[in-house]
Amino acid sequence: MAKQYERIADQLRQRIRAGELEPGQRLPAETALAKEYKTSLPTMRDALGLLLAEGLIDKKHGVGNFVRKPRKLVRRDNARHQWEKDRARAAEAERQTTGATERDTGLTISDLSFHAAYSEVPANEDLAAHFGVPVGTRLVERVYRTNHREEDSPFNIVRSYLVHDVVAANPDLLDPSKEPWPGGTQNQLHTIGIELDRIVERVTARPPTVEEIEELGLQGGVAVVVLRKTSIDTSGRVVEVSDVTMPGDRTELIFTTTLDRW
């Protein structure tokens, strides 16, 4: 048998889904809700906590509870890599028209706010093993955050790694002011004569860190999906490794596998 706070949460949930309580609308004060539902304040807080964990409401401390506005969904499929490769050798004017984020979200460049930060880091054991280089090898770490201008939180956090001595052949690839780069990483690599042969993606999920909860605007109970992307060139060399941390409540990963016919 459902507990009282669960029954109250279900009633509020139905009001939200029916549109009686609209996205962005502030809920009545907790004391007023407790009075309306003829329950105690702790029970009402338990009911609201359940909706908070489900991502149906947001709680702004000192302000109140609000019906959560749906965030822009990101649909990431494995066809995006060939799409990017097909554009890698295109003219700059064509590459500037749209990028992978726009493809994944259906938004336009003017809808987006982009931030990139570069730094040099030594390869740890994990990255050294992936690149096949000694521990301590100089890497370029690139951290990307892109968000909808109408939202506060980025779609994801991307940490991309390149071997410094490889990409230093084109000094522009060490300059964050050149971002966002038309055509993305595959065009960047093309400028130094690198063609990708394949991309391997490994997907895992885990609870978010405290920093990720704040930066990605996550509610309680929402996991992050972490995608490790390894880009391999036509000689079999690993040329880029990326870790993409994605909110579980706004990301769809779509994999289409074409099978040979009998």
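Calculation notes
- Every chain's residues receive numbers from 1 upward, in the order its sequence appears when written.
- In keeping with the model being predicted, local features are shown solely for residues with a pLDDT of at least 70 and side-chain atom pairs are shown and tallied solely at 80 or more, while totals for entire chains, interfaces and linings include all residues.
- The side-chain values count all of the structure's non-hydrogen atoms but skip hydrogen atoms and water molecules.
- Helix and strand definitions follow DSSP, with helices as H or I runs of at least four residues and strands as E runs of at least two, each counted in order from the N terminus.
- A 3.5 Å cut-off defines polar contacts: any pair of N or O atoms within that distance qualifies, except that in protein one atom must be a possible hydrogen donor and the other a possible acceptor, and neighbouring residues in sequence count only when both atoms are side-chain atoms.
- When checking whether two residues touch, look at their non-hydrogen atoms; a contact exists if any pair is within 4.5 Å.
- Whether two strands pair comes down to DSSP finding at least two bridges between them.
- To define axes, lines are fitted to C-alpha atoms, for helices over the stretch in contact only, and angles between the resulting N-to-C directions are given on a 0 to 180 degree scale.
- Note on exposure labels: buried denotes an accessible area under 20% of the residue type's maximum, exposed denotes more than 50%, and partly exposed covers the range between, all computed with a 1.4 Å probe on protein chains only.

Draft legend 1. Looking closely at the side chain of E212. You can see E212 is positioned in helix α10 (residues 210–216). A distance of 2.9 Å separates the side chain of E212 from the backbone nitrogen of T209, its partner in a polar contact. Contact partners of E212, with chain neighbours within four places excluded, come to R206, G217, L218, V224 and T245.

Draft legend 2. Molecular detail of the sheet that holds strand β6 (residues 157–163). Spatial strand order, β4-β5-β6-β9-β8-β7: 6 strands in an open sheet with antiparallel pairing. Edge positions in the open sheet fall to β4 (112–122) and β7 (196–206), since each of these has one partner strand only. Across the sheet, the axes of successive neighbouring strands diverge by a mean angle of 15 degrees, strand direction being ignored. One ladder, built from 5 bridges, connects β6 with strand β9 (residues 238–247); its direction is antiparallel. Within the sheet, the bridge partner assigned to S160 lies in β9 and is S242.

Draft legend 3. Structural view of the pairing of strand β3 (residues 74–77). Only one face of β3 is buried, namely the one carrying V74 and R76, since none of R75 and D77 on the opposite face is buried. With 4 bridges joining them, β3 and strand β10 (residues 251–254) adopt parallel strand pairing. Following the sheet pairing, D77 is matched in β10 by I254.

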